[in-house]
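# Summary of the model geometry
Letter by letter, the chains look like this.
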Amino acid sequence: MALIEFYKYQGTGNDFVMIDNRNLTFDKQNLKTVAKLCDRRFGIGADGLILIETSTSADFEMVYFNSDGSQSLCGNGSRCAVMFARFLGIINNETTFLAIDGEHYAKIEDQIVHLKMHDVSDYELIGTDYLIDTGSPHYIRFVEDTDRIDPVVEGRKVRYSDRFSEKGVNVNFLQQVNNNTLKIRTYERGVENETLSCGTGCTAAALSLALKQPVNSVNLLAMGGQLNVSFNRHDSGFTDIFLSGPAQHVFRGQIQV
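Presented here is an overview of the structure given in this document. Please read these numbers as outputs of a predicted model, since none were measured by experiment.

## Notes on the side chain of asparagine 170
Secondary-structure assignment places asparagine 170 in strand β11 (residues 170-178). Beyond its immediate sequence surroundings of up to four residues, asparagine 170 is in contact with Ser136, Pro137, His138, Tyr139, Tyr187, Glu188 and Arg189.

## Considering the side chain of asparagine 21
Note on placement: asparagine 21 falls in the loop between β2 (14-20) and α1 (31-38). Beyond its immediate sequence surroundings of up to four residues, asparagine 21 is in contact with Phe26, Leu51, Ile52 and Glu53.

## With respect to the pairing of β2
The side chains of a regular strand alternate between both faces of the sheet. Within β2, six of the seven residues are buried, which leaves it mostly tucked inside the rest of the structure. Of the pairings in the sheet, the one linking strand β1 (residues 3-11) to β2 comprises five bridges and is antiparallel in character. Following the sheet pairing, lysine 8 is matched in β2 by valine 17. Connecting the antiparallel pair β1 and β2 is a turn made up of two residues, with threonine 12 showing a positive phi of about 50°. In this sheet, strand β3 (residues 48-53) lies alongside β2 in parallel orientation, the contact comprising five bridges. In the sheet register, methionine 18 faces β3, and the bridge partner there is isoleucine 50. Once the chain exits β2 it traverses α1 before rejoining the sheet at β3, and the crossover so formed is right-handed.

What counts and how
- Residues numbered from 1 in each chain as written.
- Predicted model: local features only at pLDDT ≥ 70, side-chain atom pairs only at ≥ 80, totals over all residues.
- Heavy atoms only, no water.
- Helix = DSSP H or I, 4+ residues; strand = E, 2+ residues; numbered from the N terminus.
- Contact = heavy atoms within 4.5 Å.
- Buried < 20%, exposed > 50% of the residue type's maximum accessible area, 1.4 Å probe, protein only.
- Pairing = 2+ DSSP bridges.
- Right-handed = clockwise from strand over helix to strand, strands pointing away.

Here you go:
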């Protein structure tokens, strides 16, 4: 059995097991270990697992796994990875790092991590709902009251529908509070449950509001806290998209696997 040193971070309730894998001792092919570490009863417990590795073209590389071992971009995970990289002494308050969808820029100001997302030029209108890819695909539905829906029941109807069952999709339910504020609840693929916050989902939600009315900054009230998404809108889509919010160290430990 191997002894693994880990750190636990959370970003607005979206929690992650963080491992410094610059020496490449963690076996990334062993997805059973990933799932075990993320298990909330038999492991550490987390929505995902993040490895920090060395990069030849950026400050570091973030390797992200959902709790089931699948991979995607994770906005909140990226913000936590930036804070962890600063803790490890890899960066100061600004960085360029690699994720599964390529290079990202981020900066830390007063414990808030501002993560630059990739430009978004495409979206699909499905009835009155939106499908927007912000590094992970997100299905967006506006509802009257997010407190009166069950995101797991309603989210699974979309996620396991004929169109999305094979690759999956994240499902977000939005309630507009005022001109630039949304309440959001998210069913997340890979976790296959509701998560307290989803960074790429909040980003997609903010852009969907901008498709309905003129805004360039949106506050997102997730179950685990508040995030902000700012952007510029052009005829060709959205640029200079920043996802901003807190990322905090929770605890550290060791586990035998």
